[in-house]
Amino acid sequence: MGAASFSFPAPAIAQSEPIKIGCLAAITGPSSAPTVGFNRGVNFAVDAINGAGGVKGRKIELVMRDTQGDPTKAVNATQELISQAKVHAIWGPLNSGEALATTPIMARAKMPDLHPCVVETLIDPVKFPNAFRIAPSNNQWDDAVRNYCLKILKVKKVAVIGDTTGYGVTAVGASVAAFKKDGAEVAYQANIDATQPDMTPDMLRAKNAGAEAIVVWSVSTGMEARMFNTRAAMNWDVPFVGHPSMASGELASLVAKPENWKKVYAIGYKSCSYDGAGKLPPKSADLVARLTKANIALNDTLLWWVAGGIDCIELIAKAVAESGSTDSAGIIKYWNTLSTYPGYFGNYRFSPTEHNGYLTEEIVMSEASTAKDGTFALAPGYT
């Protein structure tokens, strides 16, 4: 009946104290696109678990804080969630630039933390034994994008562009280094303010440098739409390859013409990709049916964001159920035992020495404009 893919043990003694889950999300601001989907998944899972009686009789209470994509606001919210709201676990932040600032704070407080942020240094079981990643790392994303450019599109010269957030700067640097290591020429690289209204100067520089593909590392759909529109105005038939946000449903209303969204290939996942007959994997198809029945919109977001939000809540709920309490040590100890955990976004694998949970083999590239219920057709070139 509910979202959970597991059953909770029957409570010996029902407890009334809620399980408090802190949520650090950029609800507003230029980095808010992923939050829309993640929050729908989080609320869907909480409603389903609470509707089924909670976890050992305890209801889940969300304590949401809007970070606006600002690391300073994220730090302040983290401290408040820990010291004043006294949450038992934290989901987020959802942006790597914020997580770089908050992760050490949560580590000092031994606060169990699940996040989908991709910067490599955010996961370190020695420095941050409390932090677990339920999405691919940027190296995994970077490998998928680079291999698609070089092995399938067979380009030799690329432009690498990101925004000016901590994530954007880090991702561009890593991507450029990896392309060069594999023998490709990085014809142009830049970090652009996500609110910059005119993308023409940077696009012209990339074109004049001979770029055969533009690799994008940003969560800002507004910035991406302006790049797509500028490409069309320049009459330049160059493909965009990169960040999953380039497939976000809201881009349909941001591009000047539907065709401006063509030849855009975004990171995707097997769990959220449909085959030639338009069919999803059975577990994903079942989830979409239940989300649709619950009136959870998917046409303006990504299924993996929604599924990731569900997985986060279920991982916390399962840890409380299995450890028997909301103690930090018990939650973290349980997560460290998950050699195989079947989530909706994908299968996760954690251990005391490995907190990168997502499996590389589940990453693919998607054709961004083929969205159907937040899922996509595979990008051209896959067999």
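Not measured: the values here are computed from a predicted model. (Residues numbered from 1 in each chain as written. Predicted model: local features only at pLDDT ≥ 70, side-chain atom pairs only at ≥ 80, totals over all residues. Heavy atoms only, no water.)

**Comments concerning the sheet that holds strand 10 (residues 264-269)**
Pairing in this open sheet of six strands is mixed, and the strands run 7-6-8-9-10-14 from one edge to the other. One side of each edge strand has no neighbouring strand; the edge strands of this open sheet are strand 7 (185-192) and strand 14 (363-367). Within this sheet the neighbouring strands show an average axis-to-axis angle of 25°, counted without direction. Packed onto the sheet, helix 7 (residues 221-233) meets strand 6 (157-163), strand 7, strand 8 (213-217), strand 9 (240-242) and strand 10 and runs at close to 145° relative to strand 6. (Pairing = 2+ DSSP bridges. Helix = DSSP H or I, 4+ residues; strand = E, 2+ residues; numbered from the N terminus. Axes fitted to C-alpha atoms, helices over the stretch in contact; angles between N-to-C directions. Contact = heavy atoms within 4.5 Å.)

**Considerations on empty space enclosed by the protein**
Tallied over the full model, the rule gives three cavities of 30 Å³ or more. Leu94, Pro116, Trp141, Val219 and His243 are the residues nearest the centre of the largest cavity, which is lined by 14 residues in total. Elements with a contribution of two residues or more to the lining of the largest cavity: helix 1 (33-51) and helix 10 (303-323). Considering only residue class, the lining of the largest cavity consists of eleven nonpolar, three polar and no charged. (1 Å grid on protein atoms, 1.4 Å probe; cavity = no way out; pocket = protein on both sides within 12 Å on 5 of 7 lines; lining within 4 Å. Points joined across faces, edges and corners; volume = space filled by probe spheres on them. Nonpolar A, V, L, I, M, F, W, Y, C, P; charged D, E, K, R; others polar.)

**Regarding the pattern of salt bridges**
Following the criterion strictly, the structure yields eleven salt bridges and no others. Its salt-bridge partner being Asp182, residue Arg146 comes within 2.7 Å of it at the nearest N-O pair. Separated by 36 residues along the polypeptide, Arg146 in helix 4 (residues 138-152) and Asp182 in the loop between helix 5 (166-181) and strand 7 bring together distant segments of the chain. A relative accessible area of 9% places Arg146 in the buried class. Between Glu322 and Lys318 there is a salt bridge, with the nearest N and O atoms lying 3.2 Å from each other. Placement of both Glu322 and Lys318 in helix 10 is noted, with a separation of four residues, approximately one turn of the helix. Judged by relative accessible area, which is 14%, Lys318 ranks as buried. (Salt bridge = Lys/Arg side-chain N within 4 Å of Asp/Glu carboxyl O. Buried < 20%, exposed > 50% of the residue type's maximum accessible area, 1.4 Å probe, protein only.)

**Here we look at the pairing of strand 10**
Extensive coverage of strand 10 is indicated by the burial of six of its six residues. Strand direction decides the pairing type here: strand 9 and strand 10, joined by three bridges, are parallel. Each residue of the ladder has a partner; that of Val241, found in strand 10, is Tyr265. As judged from the five bridges shared by strand 10 and strand 14, these two strands associate in the antiparallel manner. Each residue of the ladder has a partner; that of Tyr269, found in strand 14, is Ile363.

**Description of unusual backbone geometry**
Geometrically, the link from Gly92 to Pro93 is a cis peptide bond, its omega value of 0° lying close to zero. Turning to its location among the elements, Pro93 is positioned in the loop between strand 3 (89-91) and helix 3 (96-108). Positive phi outside glycine occurs at Lys110, with the angle close to 55°. If you trace the backbone, Lys110 turns up in the loop between helix 3 and strand 4 (113-115). Overall, Lys110 belongs to the exposed group, its relative accessible area being 60%. A positive phi angle is found at Lys154, which is not glycine, with a value near 60°. Tracing the sequence through the fold places Lys154 in the loop between helix 4 and strand 6.

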